[in-house]
Amino acid sequence: MNTLSGHYEVRAGVPSVETYRRLRGATGLTVWPLAAAEAGLPNTWHGVLVHHGGETVGMGRIVGDGGCFFQIVDICVLPEHQGQGLGKLIMAELTGELERRAPAGAYVSLIADGDARHLYAKFGFTETAPASVGMARRV
């Protein structure tokens, strides 16, 4: 657990389905259907929650196979709490856990939306193009 000025508290954990969907919606991310969130959240390899005044105001998760591949997902902070360094703190907690527990050589990926790539670069993430490009498909 880490406490910041401004009474923010960061700790390991996975949000409830309701909190997960609320944070994603409030930050402009896709709000997954209830059944999808219920199925996905228990598969979190490691999660981080940011609390302020008894409310969860930010989160981030790592998903993956636990050995070879990991993906950082769901990095978000409520708009009224942005600009406090919380995204950076979430990333520090997630990458710290990867360094502690993930096997050497594990492949860690993420999708950077907009200017978020600048934050992720601070944690050693580099764009993969032209050697490889990210691709996605929705079911």
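Before going into details, it helps to say that this report is about the structure given with it. Everything numeric in this text was worked out from a predicted model, so none of it was measured.

### A short note on the side chain of Arg-24
Inspection of the secondary structure assignment puts Arg-24 in helix α1 (residues 17-26). Owing to a relative accessible area of 7%, Arg-24 belongs among the buried residues under this scheme. Apart from residues no more than four positions distant in its own chain, Arg-24 is found in contact with Leu-29, Thr-30, Val-31, Trp-32, Met-59 and Asp-74.

### Thoughts on the nonpolar core
Membership of the largest hydrophobic core comes to 31 residues, with the highest contact counts inside it found for Ile-72 and Met-91. Listed by contribution, the elements that provide at least two residues to this core are β2 (8-12), α1, β3 (46-52), β4 (55-64), β5 (69-77), α3 (86-101) and α4 (116-121). It is α3 that contributes the most residues to this core, six residues altogether.

### Things to note about the layout of surface pockets
Leftover empty space is mapped by rolling, across the atoms, a probe with the size of a water molecule. Roughly 150 Å³ of volume is contained in the second largest pocket. Every residue along the wall of the second largest pocket is listed here: Thr-95, Leu-98, Glu-99, Ala-102, Pro-103, Ala-104, Gly-105, Ala-106, Val-108, Phe-123 and Phe-125. With three residues, α3 is the single largest residue contributor to the lining of the second largest pocket. Its residues placed into classes, the lining of the second largest pocket shows eight nonpolar, two polar and one charged.

### Things to note about the pattern of salt bridges
In the structure shown here, the tally under the stated rule is seven salt bridges. Here Arg-22 makes a salt bridge to Glu-55, at a shortest N to O gap of 3.2 Å. Of this pair, Arg-22 sits in helix α1 while Glu-55 sits in strand β4, placing them 33 residues apart in sequence. Residue Glu-55 is classed as partly exposed on the basis of its relative accessible area of 33%. Note that Asp-74 is salt-bridged to Arg-24, the shortest N-O span being 2.4 Å.

Cut-offs applied
Residues numbered from 1 in each chain as written. Predicted model: local features only at pLDDT ≥ 70, side-chain atom pairs only at ≥ 80, totals over all residues. Heavy atoms only, no water. Helix = DSSP H or I, 4+ residues; strand = E, 2+ residues; numbered from the N terminus. Buried < 20%, exposed > 50% of the residue type's maximum accessible area, 1.4 Å probe, protein only. Contact = heavy atoms within 4.5 Å. Core = buried A, V, L, I, M, F, W, Y, C linked by side-chain atoms within 4.5 Å. 1 Å grid on protein atoms, 1.4 Å probe; cavity = no way out; pocket = protein on both sides within 12 Å on 5 of 7 lines; lining within 4 Å. Points joined across faces, edges and corners; volume = space filled by probe spheres on them. Nonpolar A, V, L, I, M, F, W, Y, C, P; charged D, E, K, R; others polar. Salt bridge = Lys/Arg side-chain N within 4 Å of Asp/Glu carboxyl O.

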